[in-house]
Structures are given as structure tokens and as C-alpha cells.
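Architecture and fold: a report
Residues per chain, in single letters:
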Number of protein chains: 2
Amino acid sequence: MSEVTAIIAGSGALPALLARRLEADGRPFVMAALEGFDPDEAEHWRVERFVIERLALLFERLEDLGVTRVVFAGAVRRPALDPELIDPKTAAQVLPRLLPAFQRGDDALLREVIALFEDAGFSVAAAAEIDPGLVPSAGILTQARPSEADRADAERAAAVVDALGAVDLGQGAVVAQGQCLAVETLPGTAAMLDWVAHEAGQFRPDPAGARGVLLKAPKPGQELRVDMPVIGPDTVRAAAAAGLAGIVIEAGGVMLLDRGATIAAADDAGLFIWVREP
Amino acid sequence: MSEVTAIIAGSGALPALLARRLEADGRPFVMAALEGFDPDEAEHWRVERFVIERLALLFERLEDLGVTRVVFAGAVRRPALDPELIDPKTAAQVLPRLLPAFQRGDDALLREVIALFEDAGFSVAAAAEIDPGLVPSAGILTQARPSEADRADAERAAAVVDALGAVDLGQGAVVAQGQCLAVETLPGTAAMLDWVAHEAGQFRPDPAGARGVLLKAPKPGQELRVDMPVIGPDTVRAAAAAGLAGIVIEAGGVMLLDRGATIAAADDAGLFIWVREP
């Protein structure tokens, strides 16, 4: 009997990509989306909606549907909890573990969510186990290639992101001509690139010099099964708007959403995408 | 005979503050400003203009004026060098030391500039030696006081800035409710606060929760004689516009420009200024 997979979905393109892949492979699946977050193309599949306040009931529902494996896909923000929605089972079994984790930061919260699903009897798969093509291995994916200056900027960006990892920050930085223009914080990659486009970019030491790179990498100890950094066509367009020469992602640690469209967008814009060994 | 001090001036309020202090103390001084950077109130003093390309000639001029001590004051950016301006002495004695330092980053460059002045026979004083009141010691300077949440945000911000110091970045971060909203990069504190005001601030996890803090601290090993982080009335106004609860500066490591006006601006806006032991 084939394993039934539940895609635990937030917003964005990843849930649909995984659904299509499972469909193409002829593997049964269900999609369950956190209330308030809309996966792209959700209209194509029946979507089980769930709320954190009734997470124990989701576990029961997935079990009824024969689900044995879950995969987390798509972006979510920490939801606010509505006490009126909480069911007794979630109150007794889930929230006593979840609420303390809420105080300990995003990583702790994700780890506890994973542990809750595992303790409810589900295995937790990484998206890359469903579709290995999502996480590219080392190489240059585009027609454009990084220059020596771009490689030096990538080294510097990697050092910055490494240092930020020690304080549970990071995943991204923009460096041009050896100077760090921006560091990814809570608002995320798109907000950082927008800031480079409109404000920070003018601080490049030599306006005619190297345009700089966006580097994305996971944090040390990041739970890559449920929280892998991601780039996609939108990232490429934002990096182009920020005037960057290219994007550097850590091999094995960053997901390339919609590989074909992402590489095409980079080739159109003349940007490189370099998958770099850490 | 009283020592003659040269204020080596960039832009901003500090050169004039030091000039007034030296005047008040009845100590002779001259002001020398890097071409392209205008110290506030420069019209009040005769200002010797100089360019990096003729730095050796500045040394001679200062010696002629009886200068034995220099103090660096005010903000400069790395200037571009115009080869046509270079005089033979600077070409032979100064640039062979300065140009390699240009490649090694801001700290290396500053250290070499200091060494050049010292080797030319001048002692290099910190601004705080001229006016000890510029660098406040630990305490809360304002009517408003940090809450427990603000203190926790300051701890987190200090950890972030410490981690950034390892990669020669930092000096500032904004943290609200334990979440890092922004990290200071090349564009500086004002640009970071502007970004929090217009973009990042909305990412505070609880819109009604703690408003967050700006923390400023020196980088480890920063050459505090010539490059001490600074806050002033403009910083307070920008922090207020960003919706922050207050400003935290490291005791002994951050300069408070125009103490009276800065504290008054904070009291007007209801912000705290907390000088924190590292």
C-alpha cells in the first residue's frame, strides 16, 4: 500500500509544486493549509483547513485519511492564538508543549511542531525528499558567471551570514565591493532587496564597480526539513531591481523554487545564480 | 608653552563642539578640514583645507603652525583619489602606506592614518580627552526608563552587535520583542532607523507590544580615538520616528554629541537613553 503524504501548506508556490510532483509520481496525498495562508493554485486540490488552536483535531483527521507522512511547505508567520477556538484535546496535549516554544524563538517553535507531528505518529519528510530537484547541487546555473570581484563579495557575504548564525539571525546578506550593504532580518529577503534597490545601493563605494551579490544560506542548526531558505523567480527579479550581479546560494541548503522559471528570469536579467559549496 | 591642537575635521557637529571647548579652556587650536566635508559652523574659525593626495603637505603646514597634537572629529567617507593632485612627498612617503590600507577595510585605513600622523610627530588624542563629557558613563539619562521588555531587547541587540563585530560589521541594531528588525550596515544608523520607520517596524510580532530599542556599541578592537560611534539629537528624532522606546549605548564606547540637546530631544519624545555597561 502506498504511503499517503500530507502537504502541510502555508502560502507561496511550494505546496503546489510538491502536489504536482506527487501527482506525477502517482503517489496519494492530501493538502492541509493553515488558516489565513493561501498556497498558490489551492483551487486545484481539496484543501483541509486547520488552525493551531485545534491542531490535535488535524492529527485525527490526517490519521482518518490514512496519512503516514507529512511535508511542510510554504511560508507561514507565527499566528496569534484565539483562546475561543481551542478544543480540549489541543488544550491538554498540544498547547502545553507549543506555548513555551512560542517564547523561545522561531527555531524552537518549529522543532516543537515537528516533534508534535512525530509524536502523533507521522514521519516528517523534507520537501527535497519529495522532489530532489528542489535543492540544487554546486555549480553555476546561468549563462552569466561570477567575476573575481563577485566571488570575493560572496566570500565576505558568507562570513557575515556565518557570524549572524551565532545569534540565530541571518540566512541572507548583500555585499558589494567588499562592503556589506544589507543583512537579512525579520522582514525577510524581499524587504532587504527592496531597501538595497531604493536606499542602500547608492552606498556602493565605486558606482562603476562590482554590483554586488545576494547570498542566501541556512543558519547553523536550522531545521532544513521544515525551514529551508528559498529563492525563486521573484528573488531574481528583486535582485535585478537592486542592481546586483547575481545570487549565491549554499549547495544543499537552499531551495530553488520553480527551477526553470528562476533560471530563465536570471538569464533574462543577465544575473548569475551560483550554487556554492559552503 | 601651551600645546597647539589641530582638529582634523570631517562633517557634522563634533569639530565645532571641540573647538568651543578648547576655546573655553583657553587652549590654542587650528581646524583642518578634509576637502569635500563641511564641519558645522566652519565659518566661525579659520579652516585649513586639505586633501589626502597632499597629506604630506598638511603635516608640514601643521608643524609650521606649532601643532603637536591632533584630534580626529566628524564624519568622512573614503574619498576617491585624484592622481593629478598628488604631490611628490605624499607620493613617496604617504601613499605607499595608505593605498594598501585602502584595500583592507575601514579599520585598517584608520589605523594607518593614525600611524602616519604619529610618525609625522603628532600625538593623536581622542575627542573625549578634549571633552570628557562627550562619553557618558553608565546610567539612565532621561526621564523615561527602560522596561523589563526593553532590557531584554537590549540584551538581544547587544548579542547581535557582538556577533557582527566578528566580521567587522555592526555598531548598531534595532530589536523589538526579541526580534531583530534591522542591523546597521554601510548606510549607517540614520538609514537603518528610516527603514525601521517605513518598512521594518510593521514586522513587530505584537503591534501593541514593546516598541523596541536601538543599541549602539563599538566594534571589538575599534579604534576609538578616531572612530567612536556617536548619537545626537538627530539620532533621537530618528529613533522616535521609528517608534522605538529608547536608545541604549555602551558605556565608555559611544559618544553623546551635544548632551543637553540630545537628552532634551529624548525627554520631549518620551524616549529613554540608557548608557549600559557592556
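Residues numbered from 1 in each chain as written. Chains lettered and ligands numbered in written order. Predicted model: local features only at pLDDT ≥ 70, side-chain atom pairs only at ≥ 80, totals over all residues. Heavy atoms only, no water.

Here we come to the pairing of strand β8 (residues 179–183) of chain B. Residue and element names in this part refer to chain B. Counting buried positions along β8 yields 5 of 5 residues, so the element is predominantly enclosed. Sheet topology note: the strand β7 (residues 172–176)/β8 ladder contains 4 bridges and is antiparallel. Bridge pairing in β8 places A173 opposite V183. From the end of β7 to the start of β8, which pair antiparallel, there are 2 residues, and Q177 there has a positive phi angle of about 55 degrees. (Buried < 20%, exposed > 50% of the residue type's maximum accessible area, 1.4 Å probe, protein only. Helix = DSSP H or I, 4+ residues; strand = E, 2+ residues; numbered from the N terminus. Pairing = 2+ DSSP bridges.)

Helix-helix packing is described using two parameters, namely the angle between the two axes and the distance between the axes. Residue and element names in this part refer to chain A. Where helix α8 (residues 233–241) contacts helix α9 (residues 259–269), the axes come no closer than 8 Å and their chain directions differ by 20 degrees. When the axis of α8 is compared with that of α9, the two are roughly parallel. α8 and α9 meet at a crossing whose hand is right-handed. Residues P233, V236, R237 and A240 of α8 pack against A261, T262, A265, A266 and A269 of α9. When the residues that make up the contact of α8 with α9 are grouped by side-chain class, the tally is 7 nonpolar, 1 polar and 1 charged. (Axes fitted to C-alpha atoms, helices over the stretch in contact; angles between N-to-C directions. Parallel < 35°, antiparallel > 145°, perpendicular 65-115°, else oblique. Left-handed = near helix turned anticlockwise from the far one by under 90°. Contact = heavy atoms within 4.5 Å. Nonpolar A, V, L, I, M, F, W, Y, C, P; charged D, E, K, R; others polar.)

What follows deals with the environment of B:G139. Residue and element names in this part refer to chain B. Within the fold, G139 resides in strand β6 (residues 139–140). Put simply, G139 and I247 are 108 residues apart on the chain and 12 Å apart in space, counted from C-alpha to C-alpha. With residues near it in sequence (within four places) discarded, G139 still touches I273, W274 and V275.

One recurring pattern in soluble globular proteins is that nonpolar side chains are buried together. If you look at the biggest cluster of nonpolar residues, it comprises 56 residues, and the most contacted ones within it are A:V174 and B:V174. Not counting residues within four places of it along the chain, the set of residues in contact with B:V174 comprises B:Q179, B:C180, B:L181, B:A182, B:M192, B:L193, B:V196, B:V213, B:L214 and B:L244. (Core = buried A, V, L, I, M, F, W, Y, C linked by side-chain atoms within 4.5 Å.)

Residues and elements named next belong to chain B. With their axes 8 Å apart at the nearest point, helix α7 (residues 188–198) and helix α8 (residues 233–241) run at an angle of 20 degrees to one another. Between α7 and α8, the crossing angle belongs to the class labelled roughly parallel. Crossing angle aside, the handedness with which α7 passes α8 is left-handed. When α7 is examined against α8, the residues T189, L193 and A197 are found in contact with a partner set consisting of T235, A238, A239 and A241.

Time to look at the packing of aromatic side chains. In this structure the tally under the stated criterion is 11 aromatic pairs over all chains. Plain terms: the ring middles of A:F59 and A:F122 are 6.1 Å apart, the flat faces sit at 50 degrees to each other, and that makes the pair tilted. With A:F59 in helix α2 (residues 55–64) and A:F122 in the loop between α4 (106–119) and β5 (123–125), this residue pair connects regions lying 63 residues apart in the sequence. By relative accessible area, A:F122 is classed as buried at 4%. Both rings, one in B:F29 and one in B:W45, keep their centres 6.5 Å apart while their planes meet at 65 degrees; by these two values the pair is edge-to-face. You can see B:F29 sitting in strand β2 (residues 29–34) and its partner B:W45 sitting in the loop between β2 and β3 (47–50), a full 16 residues away along the chain. Just as B:F29 is buried, B:W45 falls in that class too. Within the aromatic cluster, the residues linked to one another by ring pairs are A:F59, A:F72, A:F117 and A:F122. Across from the ring centre of A:W274, 4.6 Å away, lies the NZ or CZ of A:R151, which sits over that ring. (Phe/Tyr/Trp six-rings, centres within 6.5 Å; stacked < 30°, edge-to-face > 60°. Lys NZ or Arg CZ within 6 Å of the ring centre and 35° of its normal.)

This brings us to the interface of chain B and chain A. Contacts between the two partners involve 24 residues from chain B and, on the opposite side, 24 residues from chain A. In total, chain B and chain A occlude about 2100 Å² of area from one another, counting both sides; carbon and sulfur atoms represent 70% of this. A per-residue breakdown of the area chain B buries against chain A is headed by B:L186, B:W195 and B:F203, which together make up 28% of the total. Remark: the boundary between chain B and chain A carries 0 salt bridges. Seen at the junction of chain B and chain A, the total is 6 residue pairs in polar contact (both at pLDDT 80 or more). (Buried area = accessible area lost by both parts, 1.4 Å probe. Salt bridge = Lys/Arg side-chain N within 4 Å of Asp/Glu carboxyl O. Polar contact = N/O pair within 3.5 Å; in protein donor to acceptor, adjacent residues only side chain to side chain.)

What follows concerns the sheet that holds strand β4 (residues 67–73) of chain A. Residue and element names in this part refer to chain A. The strand order across the open sheet formed by 5 strands is β3-β2-β1-β4-β5, and the pairing between neighbours is parallel. A strand with exactly one partner marks an edge of an open sheet, and here the two such strands are β3 (47–50) and β5. With strand direction ignored, the average angle separating the axes of adjacent strands in the sheet is 30 degrees. Direction of pairing for strand β1 (residues 4–9) relative to β4: parallel, over a ladder of 6 bridges.

The pLDDT averaged across chain A works out to 92; a share of 100% of its residues lies at or above 70. For this predicted complex, the interface score ipTM comes out at 0.81, while the overall pTM is 0.84. (pLDDT = per-residue confidence, 0-100.)

A separate point is the pairing of strand β1 (residues 4–9) of chain B. Residues and elements named next belong to chain B. Taking burial as the measure, the 6 residues of β1 include 6 buried ones, the bulk of the element. Bridge analysis of β1 against β2 gives 5 bridges, and the strand direction is parallel. By the bridge assignment, A6 is partnered in β2 with V30. Crossover handedness for the path β1 to helix α1 (residues 14–24) to β2: right-handed. (Right-handed = clockwise from strand over helix to strand, strands pointing away.)

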